[in-house]
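# Architecture at a glance
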Amino acid sequence: QVQLEESGGGLVQPGGSLRLSCVGSEFTLDYYDIGWFREGPGKEREGVSCLRRSDGRTSYADSVKGRFAIFRDNAKNTVYLQMNNLKPEDTAVYHCATTVFASPARVCDTFASWGQGTQVTVSS
């Protein structure tokens, strides 16, 4: 069973940055397309970013383009989500998940296994 663990969340002021980490437990993340999604208070689940295993292509939700970056470090079996210029509307629980990255023109929205999530709160 694929198990993922997220970390790196916290409380940050608007305009600040955080780097989230996603580690695979007992499996190699590089075997999968990996995505991040978030669940904000009173909001529907939103796909944030995804990374395709085969060619490293990435995709982002319009709401985070230019501010977030997804990348992997295979040596550490970790996928990261670098989040810059954070806004209060980015407040959510962030999950990483295995996904299917069908098209770079769309952010991934179908997720399989995911972890417990990490809380990101953007507030002054």
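Here the structure is a predicted model, which is why all the values come from computation and not from measurement.

## Examining the pairing of strand 9 (residues 92-99)
- The buried fraction of strand 9 is high, at 7 of 8 residues.
- Looking at chain direction, strand 9 and strand 11 (residues 118-122) are connected through 3 bridges and run antiparallel. Bridge pairing in strand 11 links Tyr94 to Thr118.
- The pairing of strand 9 with strand 10 (residues 111-114) spans 2 bridges and is antiparallel. Counterpart to Thr99 in the pairing with strand 10 is Phe111.

## Some words on the pairing of strand 8 (residues 78-83)
- Most of strand 8 is tucked away, with 6 of its 6 residues classed as buried.
- Because side chains alternate across strand 8, one face comprises the buried residues Thr78, Tyr80 and Gln82, and the other comprises Val79, Leu81 and Met83, equally buried.
- Bridge analysis of strand 3 (residues 18-25) against strand 8 gives 6 bridges, and the strand direction is antiparallel. Pairing of Val23 across the sheet is with Thr78, part of strand 8.
- Examined bridge by bridge, strand 7 (residues 68-73) and strand 8 share 6 bridges and lie antiparallel to one another. The residue bridging Ala69 from the neighbouring strand is Gln82, located in strand 8.

## Examining the packing of aromatic side chains
- Scanning the entire structure with this criterion turns up 3 aromatic pairs.
- Summarising the aromatic geometry, the rings of Phe37 and Phe111 are spaced 4.7 Å apart at their centres and angled 35 degrees between planes, so their arrangement reads as tilted. Remark: Phe111 occurs in strand 10 and Phe37 occurs in strand 4 (residues 33-39); sequence separation between them is 74 residues. With respect to class, Phe37 is no different from Phe111; both count as buried.
- A network of ring pairs unites the aromatic residues Phe37, Phe111 and Trp114 as a single cluster.
- Taking the ring centre of Phe101 as reference, the NZ or CZ of Arg52 above it sits at 5.1 Å.

## Comments concerning the pattern of salt bridges
- Across all of its chains, the model carries 8 salt bridges by this definition.
- As a salt-bridge pair, Asp30 and Arg72 come within 3.7 Å of each other at their nearest N and O atoms. Remark: Arg72 occurs in strand 7 and Asp30 occurs in the loop between strand 3 and strand 4; sequence separation between them is 42 residues.
- When the shortest N-O distance is used, the salt bridge between Asp90 and Arg38 registers 2.9 Å. On the criterion of sequence distance, the pair formed by Asp90 in the loop between strand 8 and strand 9 and Arg38 in strand 4 is long-range, its members being 52 residues apart.
- Residue classification places Asp90 among the buried positions, given a relative accessible area of 0%.
- Salt bridges sharing common partners tie together Arg38, Glu46, Arg67 and Asp90.

Rules used throughout
Residues numbered from 1 in each chain as written. Predicted model: local features only at pLDDT ≥ 70, side-chain atom pairs only at ≥ 80, totals over all residues. Heavy atoms only, no water. Buried < 20%, exposed > 50% of the residue type's maximum accessible area, 1.4 Å probe, protein only. Helix = DSSP H or I, 4+ residues; strand = E, 2+ residues; numbered from the N terminus. Pairing = 2+ DSSP bridges. Phe/Tyr/Trp six-rings, centres within 6.5 Å; stacked < 30°, edge-to-face > 60°. Lys NZ or Arg CZ within 6 Å of the ring centre and 35° of its normal. Salt bridge = Lys/Arg side-chain N within 4 Å of Asp/Glu carboxyl O.

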